[in-house]
Amino acid sequence: MYEYRINIVVDGENIFVPRSVFIDLYNLNSGKVIVNGENMVLILSGGDAAEAKNVIIEFDKNRIIRKREYLLCCDPRLLFEETVFHQVRL
């Protein structure tokens, strides 16, 4: 059995990554991190044929902010799906 996860560590601290950020990603073939001040972006590419996509995961030192998916079979600039993560305090 495989354990699927993405670990993101900023300044030595782990950021919680919800399963919904990565559970539908498969056949990943590249990734890179871009740091712009306090905001960071993880860009992943993968999938195959009609399911090939670029995924942009935005985060800061505290949490995942947003996940955006762009399908490469269509116009790769056209946003296919976006998930926004809110910080909930109990």
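The notes below deal with the structure included here. Here the structure is a predicted model, which means the values were calculated and not measured.

**Examining the overall build of the protein chain**
For step 1, the next point in the chain: Counting secondary structure elements, the protein chain contains one helix and seven strands.
For step 2, the next point in the chain: Ordered by position from N to C terminus, the α and β elements of the protein chain give β-β-α-β-β-β-β-β.
For step 3, the next point in the chain: Radius of gyration (C-alpha) of the protein chain: 14 Å, near the 12 Å computed for a compact globule of 90 residues.
For step 4, the next point in the chain: Projected onto the principal axes, the alpha-carbon positions of the protein chain cover approximately 40 × 35 × 25 Å.
For step 5, the next point in the chain: Expressed as a percentage of its 90 residues, the buried residues of the protein chain come to 34%.
For step 6, the next point in the chain: In the protein chain, the proportion of contacts linking residues at least 24 apart, taken out of those at least 6 apart, comes to 22%.
For step 7, the next point in the chain: For the protein chain, the accessible area works out to roughly 6600 Å², and carbon and sulfur atoms hold 51% of it.
For step 8, the next point in the chain: Both charge centroids of the protein chain, one from 11 positive and one from 13 negative side chains, sit 3 Å from each other.

**Some points on the environment of Arg 77**
For step 1, the next point in the chain: Here Arg 77 is to be found in the loop between strand 6 (64-71) and strand 7 (79-84).
For step 2, the next point in the chain: Sequence-wise, Arg 77 and Lys 53 are 24 residues apart; in three dimensions their C-alpha atoms are separated by 11 Å.

**Observations concerning the nonpolar core**
For step 1, the next point in the chain: Counting residues in each nonpolar core, the largest one holds 16 residues, and the members touching the most others are Ile 8, Phe 59 and Ile 64.
For step 2, the next point in the chain: If near-sequence neighbours (up to four positions away) are discounted, Ile 64 is found in contact with Ile 8, Ile 15, Phe 16, Val 17, Pro 18, Val 21, Ile 57, Glu 58, Phe 59 and Phe 85.

**Considering empty space enclosed by the protein**
For step 1, the next point in the chain: Applying the stated criterion across every chain, the model contains one cavity of 30 Å³ or more.
For step 2, the next point in the chain: Each pocket or cavity is described by its volume, and for the largest cavity that value is around 40 Å³.
For step 3, the next point in the chain: If you go around the largest cavity, the residues you meet are Asp 24, Leu 25, Tyr 26, Leu 28, Leu 44, Ser 45, Gly 46, Gly 47, Lys 53 and Val 55.
For step 4, the next point in the chain: When residues of the lining of the largest cavity are traced back to their parent elements, those giving at least two are strand 4 (39-46) and strand 5 (53-59).

**Looking at the side chain of Lys 67**
For step 1, the next point in the chain: Position of Lys 67 among the secondary structure elements: in strand 6.
For step 2, the next point in the chain: The class of Lys 67 is buried, set by a relative accessible area of 2%.
For step 3, the next point in the chain: There is a polar contact of 3.2 Å between the side chain of Lys 67 and the backbone oxygen of Val 21.
For step 4, the next point in the chain: Setting aside anything within four residues of it in sequence, one finds Lys 67 in contact with Ser 20, Val 21, Asp 24, Val 55, Ile 56, Ile 57, Glu 81, Glu 82, Thr 83 and Phe 85.

Thresholds applied
- Residues numbered from 1 in each chain as written.
- Predicted model: local features only at pLDDT ≥ 70, side-chain atom pairs only at ≥ 80, totals over all residues.
- Heavy atoms only, no water.
- Helix = DSSP H or I, 4+ residues; strand = E, 2+ residues; numbered from the N terminus.
- Rg over C-alpha atoms; globule rule 2.2 N^0.38 Å.
- Buried < 20%, exposed > 50% of the residue type's maximum accessible area, 1.4 Å probe, protein only.
- Contact = heavy atoms within 4.5 Å.
- Areas by Shrake-Rupley, 256 points an atom, 1.4 Å probe, with all protein chains shown as cover.
- Lys, Arg positive; Asp, Glu negative; His and termini not counted.
- Charge placed at Lys NZ, Arg CZ, Asp CG, Glu CD.
- Core = buried A, V, L, I, M, F, W, Y, C linked by side-chain atoms within 4.5 Å.
- 1 Å grid on protein atoms, 1.4 Å probe; cavity = no way out; pocket = protein on both sides within 12 Å on 5 of 7 lines; lining within 4 Å.
- Points joined across faces, edges and corners; volume = space filled by probe spheres on them.
- Polar contact = N/O pair within 3.5 Å; in protein donor to acceptor, adjacent residues only side chain to side chain.

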